[in-house]
Amino acid sequence: SLIGDTVLAYWQPSDAYYVGTEVEKVDAGFVILFEDGDEAAVPAAKIRTYDLKVGSAVFAHWNDGEFYKR
């Protein structure tokens, strides 16, 4: 992956993967700018290719605090 790529990156506090952009290479992996504005250094092993498309199975975190499969 390259700086500027859209990726799925692991966010430890929620134990899930979220969409973000690689913005910087660091010793720990890459700094990811997540869609909600949060940033974190994520190890390269915890970054996946963004391959979501129409029809992809996902889990959504709803405002009731629950996750729903879609």
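Residues numbered from 1 in each chain as written. Predicted model: local features only at pLDDT ≥ 70, side-chain atom pairs only at ≥ 80, totals over all residues. Heavy atoms only, no water.

**Student:** How should unusual backbone geometry be read in this particular structure?
**Tutor:** Apart from glycine, the bulk of residues carry a negative phi angle, and the bulk of peptide bonds sit in the trans form. Backbone geometry at Asp15 places phi at a positive 55°, although glycine is not the residue there. By the element assignment, Asp15 lies in the loop between β1 (6-11) and β2 (16-26). Taking relative accessible area as the criterion, Asp15 reaches 57% and is therefore assigned exposed. (Helix = DSSP H or I, 4+ residues; strand = E, 2+ residues; numbered from the N terminus. Buried < 20%, exposed > 50% of the residue type's maximum accessible area, 1.4 Å probe, protein only.)

**Student:** Quick question: what am I supposed to make of the layout of surface pockets here?
**Tutor:** One water molecule sets the probe size; rolling that probe over the atoms shows where empty space is left. The volume enclosed by the largest pocket comes to roughly 510 Å³. Ala16, Tyr17, Tyr18, Val19 and Phe59 are, among the 19 residues lining the largest pocket, the residues nearest its centre. Those elements that provide at least two residues to the lining of the largest pocket are β1, β2 and β6 (59-61). Of the residues forming the lining of the largest pocket, the biggest block, 4 residues, is contributed by β2. Broken down by class, the residue content of the lining of the largest pocket amounts to 12 nonpolar, 1 polar and 6 charged. (1 Å grid on protein atoms, 1.4 Å probe; cavity = no way out; pocket = protein on both sides within 12 Å on 5 of 7 lines; lining within 4 Å. Points joined across faces, edges and corners; volume = space filled by probe spheres on them. Nonpolar A, V, L, I, M, F, W, Y, C, P; charged D, E, K, R; others polar.)

Interpretation note: all reported values are geometric properties and have no functional meaning in isolation.
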